[in-house]
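Chain by chain, the residues:
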Amino acid sequence: MENTLHFSATLQAAASPVFSKRMNKMHCQSLRVQMVNYNSVATNLTLSRSNRVLKVSCEAASVDVLEMNKTENQAETQLTCVMKFGGSSLASAWRMREVAELILSFRNERPVIVLSAMGKTTNKLLLAGEKAVSCGVTNVDSIEELSIIKELHLRTAKELGVDESVIAKHLEELEQLLKGIAMMKELTPRTKDYLVSFGECMSTRIFAAYMNKIGAKARQYDAFKIGFITTDDFTNADILELTYPAVAQSLHGDWIRDPAIPIVTGFLGKGWRSCAITTLGRGGSDLTATTIGKALGLREIQVWKDVDGVLTCDPNIYPLAEPVPYLTFDEAAELAYFGAQVLHPQSMRPAREGDIPVRVKNSYNSNAPGTLITRTRDMSKAVLTSIVLKRNVTMLDIVSTRMLGQFGFLAKVFSIFEDLGISVDVVATSEVSISLTLDPSKLWSRELIQQELDHVVEELEKIAVVNVLQHRSIISLNGNVQRSSLILEKVFNVLHIKGINVQMISQGASKVNISLIVNDDEAEQCVRSLHSAFFESDVSELDGKCVSDNGSVQLRSEE
Ligand SMILES: Nc1ncnc2c1ncn2[C@@H]1O[C@H](COP(=O)(O)OP(=O)(O)O)[C@@H](O)[C@H]1O
Ligand SMILES: N[C@@H](CC(=O)OP(=O)(O)O)C(=O)O
């Protein structure tokens, strides 16, 4: 019945709703799939992607086979994984060398590489842009950040033995752009995106040239030229569905025709109406990586950082933070959403949709196991997984001016936020009042603009008394909410001893998160104490004990 010839085929899935549906069900969004067993074009296709055989009997009579090549070696016809390296992994020529070595050490992988800008280049480009607004055209040459960016990239190219010409045009264009900004005396979100794109465009060009120089055939890609189609929300664009088939076609098509390691710019896209360069929000290269993973139906997505994986809390707040070995997509999304800088908040979505494991690894310590993020994990022993702090949050206490028993109050409040396009983070309600925090992450600066805040308050005051409380922090406790009583008991023990007053508390419907709102100036100390209580002691032993001033657990004093 089935023969075992291996074919690489390009299928026009859009032509067949039945087939598209099946492909979605298999989490195989890629239009290019590998047919392992093949009966006829019209019936009973059995498909596989990389090592996983996805046996699907498909009666898709209208599948169009656009292209079919018989391949002798099935193993080499597909890219296998995506490896993303952030700015922290790529800060210098030395780091680029190490990263190249690391990539090549995975002999059995055929990876797609996604790179961010080198080191702190994105921040420097933004600063240069801000200075250009007010410095005058003739002074653009002397903007310090421009000189630092030029020097870093030229020195890196030189140290790697790569011809400077690979970035010369970009450096020239960058200076022209800054002169344009100086002339216009304004830096719009659209211009900001064009400005920061130079970081990724240059890092990928230097790296691809270096890989070729050392004999590893590589091909550079600008994401905005290979089908990363986004909304036109400059500085925080969303990836559109069209992206998946387009990116799969570009990368897989080139790979089949002429295999070379793809080196893709992270963070960047192309606005579907404007056709201008957009960015996916700070840290957006993680999202580029997971998008490629889903588009190509890859086996694994690796994000390489400068820490041993996702940690139990931000190591900048508490250096004793430890790696979390396993997370679910939902847990990782929650902790990213609540401010853990280690992952982009939207990046888990494509991985979850494609059911592709994400591994967070340390490019400075590749032997560390890192964190594996998958659809499900064993939660039987999990209590608290991580603690995340989001600072400088604005909280609103909104009390209805009407009597008890009035209906429609909540609906009115939320319709005001909807109308003003402001999203709300944490909410707690009673019948006549609502406390909530406003989500600053939609905005480039991650801070709510005062004008917007004034506008919200003005609208809310038509129906309520509003108290604005600024400089608050959200401490988000991610873990097994099935054990919320145990978690809360320990939390309140710690906070009571520390004399910290919780101003609001919310247990999300997501069942992985409990959020506490405290004053900004108490928040870090609070995280440290909670970390000591939960991670530096055996939680099963915590019953009957409490947490001392330094956060360690001891017997209750009255016992
Ligand atoms: N819970 C956490 N786990 C790991 N890292 C965290 C966490 N919270 C904050 N971080 C910070 O995130 C950094 C890694 O993220 P990022 O700077 O975006 O890396 P990259 O530039 O390599 O993508 C770490 O160096 C660490 O300081
Ligand atoms: N360079 C961009 C995109 C990015 O993802 O960077 P990183 O991977 O270094 O966080 C930024 O700084 O936001």
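Criteria and cut-off values
Residues numbered from 1 in each chain as written. Chains lettered and ligands numbered in written order. Predicted model: local features only at pLDDT ≥ 70, side-chain atom pairs only at ≥ 80, totals over all residues. Heavy atoms only, no water. Helix = DSSP H or I, 4+ residues; strand = E, 2+ residues; numbered from the N terminus. Buried < 20%, exposed > 50% of the residue type's maximum accessible area, 1.4 Å probe, protein only. Contact = heavy atoms within 4.5 Å. Core = buried A, V, L, I, M, F, W, Y, C linked by side-chain atoms within 4.5 Å. Near = heavy atom within 4 Å. Polar contact = N/O pair within 3.5 Å; in protein donor to acceptor, adjacent residues only side chain to side chain. Areas by Shrake-Rupley, 256 points an atom, 1.4 Å probe, with all protein chains shown as cover. Nonpolar A, V, L, I, M, F, W, Y, C, P; charged D, E, K, R; others polar. Salt bridge = Lys/Arg side-chain N within 4 Å of Asp/Glu carboxyl O. Pairing = 2+ DSSP bridges. Axes fitted to C-alpha atoms, helices over the stretch in contact; angles between N-to-C directions. Phe/Tyr/Trp six-rings, centres within 6.5 Å; stacked < 30°, edge-to-face > 60°. Lys, Arg positive; Asp, Glu negative; His and termini not counted. Expected span 1.5 Å × (residues − 1).

Just checking my understanding: could you explain the overall build of the protein chain for this structure?
Secondary structure assignment for the protein chain yields 14 helices and 24 strands. Of all 559 residues assigned to the protein chain, the portion counted as buried reaches 54%. Across the protein chain, every contact between residues at least 6 apart in sequence was considered, and the portion connecting residues at least 24 apart equals 73%.

Before we go on, may I ask you to explain the nonpolar core in this structure?
One recurring pattern in soluble globular proteins: nonpolar side chains tend to sit buried together. The biggest cluster of nonpolar side chains holds 79 residues, and the ones touching the most others in it are Ile 292, Leu 343, Ile 475 and Leu 477. For this core, the element with the highest residue contribution is helix α14 (residues 520-535), accounting for seven residues. What Leu 343 contacts, discounting residues up to four positions off in sequence, is Asp 286, Val 303, Val 310, Ala 332, Ala 336, Met 348, Val 360 and Ile 373. Counting 53 residues, the second-largest nonpolar core is a separate cluster that includes Ile 103, Met 211, Ala 218 and Phe 224.

What should I look at first to understand the site of ligand 1 in this one?
Neighbouring ligand 1 are 17 residues, the closest being Lys 84, Ser 88, Lys 305, Asp 306 and Leu 311. Within the side chain of Asp 306, one N or O atom sits 2.6 Å away from an oxygen atom of ligand 1. Contact distances for ligand 1 include 3.0 Å between an oxygen atom and a side-chain N or O atom of Asn 316.

How should the site of ligand 2 be read in this particular structure?
Around ligand 2, the neighbouring residues are Lys 84, Gly 86, Gly 87, Ser 116, Ala 117, Thr 122, Glu 200, Phe 267, Arg 282, Gly 283, Gly 284 and Ser 285. One nitrogen or oxygen atom from the side chain of Glu 200 is found 2.7 Å from a nitrogen atom belonging to ligand 2. Here Arg 282 contributes a side-chain N or O atom positioned 2.7 Å from an oxygen atom of ligand 2. Coverage of ligand 2 by the protein amounts to 83% of the 340 Å² it exposes when considered alone. The residue makeup of the shell around ligand 2, split by class, is two nonpolar, seven polar and three charged.

Would you take a moment to explain the pattern of salt bridges for this structure?
Any two side chains of opposite charge can pair, on the condition that their charged atoms come close. Evaluated as defined, the whole model comprises 24 salt bridges. Close ionic contact of Lys 179 with Asp 141 constitutes a salt bridge, the shortest N to O distance being 3.8 Å. A residue pair is termed long-range when its members are at least 10 positions apart, and Lys 179 in helix α5 (residues 165-184) and Asp 141 in the loop between α3 (121-135) and α4 (144-160) qualify at 38 residues. Taking the relative accessible area as the measure of exposure, Lys 179 reaches 22% and is therefore partly exposed. Sharing partners across several salt bridges, the network here consists of Asp 141, Lys 150, Glu 175 and Lys 179.

Just checking my understanding: could you explain the side chain of Glu 145 for this structure?
Along the chain, the position of Glu 145 falls in helix α4. In contact with Glu 145, not counting residues within four places along its chain, are Lys 124, Leu 127, Ala 128 and Lys 131.

What is the right way to read unusual backbone geometry from this model?
Both trends apply: most residues other than glycine have a negative phi, and most peptide bonds are in trans. Backbone geometry places Lys 185, a non-glycine residue, at a positive phi of 55°. By secondary structure assignment, the location of Lys 185 is in the loop between α5 and α6 (189-213). When its relative accessible area of 58% is taken as the criterion, Lys 185 is described as exposed. Non-glycine residue Phe 267 carries a positive phi angle of around 80°. Considering the arrangement of structural elements, one finds Phe 267 in the loop between β10 (261-265) and β11 (268-271).

What's the story with the environment of Ile 317 in this structure? I'm lost.
With respect to the helices and strands, Ile 317 occurs in the loop between β13 (300-305) and β14 (326-328). Its relative accessible area of 6% is what places Ile 317 among the buried residues. Taking the C-alpha atoms as reference, Ile 317 lies 34 Å from Ser 430; in sequence the two are 113 residues apart.

Looking at this structure, how should I read the pairing of strand β18 (residues 424-429)?
Side chains on a regular strand alternate between the two faces of the sheet. Note that β18 and strand β19 (residues 433-438) share four bridges and pair antiparallel. The residue of β19 that forms the bridge with Thr 429 is Ile 434. Here β18 folds back onto β19 in antiparallel fashion, the turn holding three residues.

I'm lost on the sheet that holds β19 in this one. Help?
Within a sheet, neighbouring strands are paired by backbone hydrogen bonds and run either parallel or antiparallel to one another. Ordered in space as β18-β19-β17-β20-β22-β21, the six strands form an open sheet in which the pairing is antiparallel. Two strands lie at the open edges of the sheet, namely β18 and β21 (504-507), each paired on one side alone. Shown here is a sheet whose adjacent strand axes are inclined to one another by a mean of 30°, direction ignored.

Whenever I open this one, the sheet that holds strand β8 (residues 218-221) confuses me. Can you help?
A sheet is described by the order of its strands in space; here eight strands give the open sequence β8-β10-β7-β6-β13-β15-β16-β14, paired in mixed fashion. The two strands at the open ends of the sheet, each matched to only one other strand, are β8 and β14. The sheet shows a mean angle of 20° between the axes of neighbouring strands, taken without regard to direction. Where strand β6 (residues 81-85) and strand β7 (residues 111-115) come together, five bridges link them in parallel fashion. Bridge pairing in β7 links Phe 85 to Leu 115. Contacts from helix α7 (residues 243-257) reach β7, β8 and β10, with the element oriented near 155° to β8. Across the face of the sheet, helix α8 (residues 285-296) comes into contact with β6, β7, β10, β13 and β15 (358-362) while running at roughly 160° to β7.

Mind showing me how you'd approach the packing of aromatic side chains here?
Centre-to-centre distance and the angle between the planes together describe a pair of aromatic rings. Taken as a whole, this structure holds five aromatic pairs when the rule is applied. Between Phe 106 and Trp 304 the ring centres are 6.1 Å apart and the planes differ by 70°, which places this aromatic pair in the edge-to-face class. Within this pair, whereas Phe 106 is found in the loop between α2 (93-105) and β7, its partner Trp 304 is found in strand β13, the two being separated by 198 residues in sequence. Phe 106 gets classed as partly exposed once you look at its relative accessible area, which sits at 29%. On the basis of an interplanar angle of 50° and a centroid distance of 6.4 Å, the ring pair of Phe 414 and Phe 417 is categorised as tilted. Separated by three residues within a single helix, Phe 414 and Phe 417 lie in helix α11 (residues 409-420), roughly one turn from each other. What makes Phe 414 partly exposed here is its relative accessible area of 31%.

It is not clear to me how the side chain of Arg 472 should be interpreted in this structure. Could you clarify?
Locating Arg 472 in the fold gives a position in strand β20 (residues 464-479). Of the side chains with opposite charge, Asp 520 lies nearest to the buried Arg 472, which makes no salt bridge, at 7.4 Å. Polar side-chain contacts of Arg 472 include one of 2.6 Å to the side chain of Gln 503. Once residues within four sequence positions are removed from consideration, Arg 472 is found in contact with Lys 390, Arg 391, Asn 392, Val 393, Met 395, Gln 503, Ile 517, Val 518, Asn 519 and Asp 520.

Can you help me understand α6 in this one?
Since there are 3.6 residues in each turn of an α-helix, residues three or four apart along the chain are aligned in direction. Taking 1.5 Å as the rise per residue, α6 with 25 residues should run 36 Å; its terminal C-alpha atoms sit 37 Å apart, in good agreement. Most of α6 is tucked away: 20 of the 25 residues are buried.

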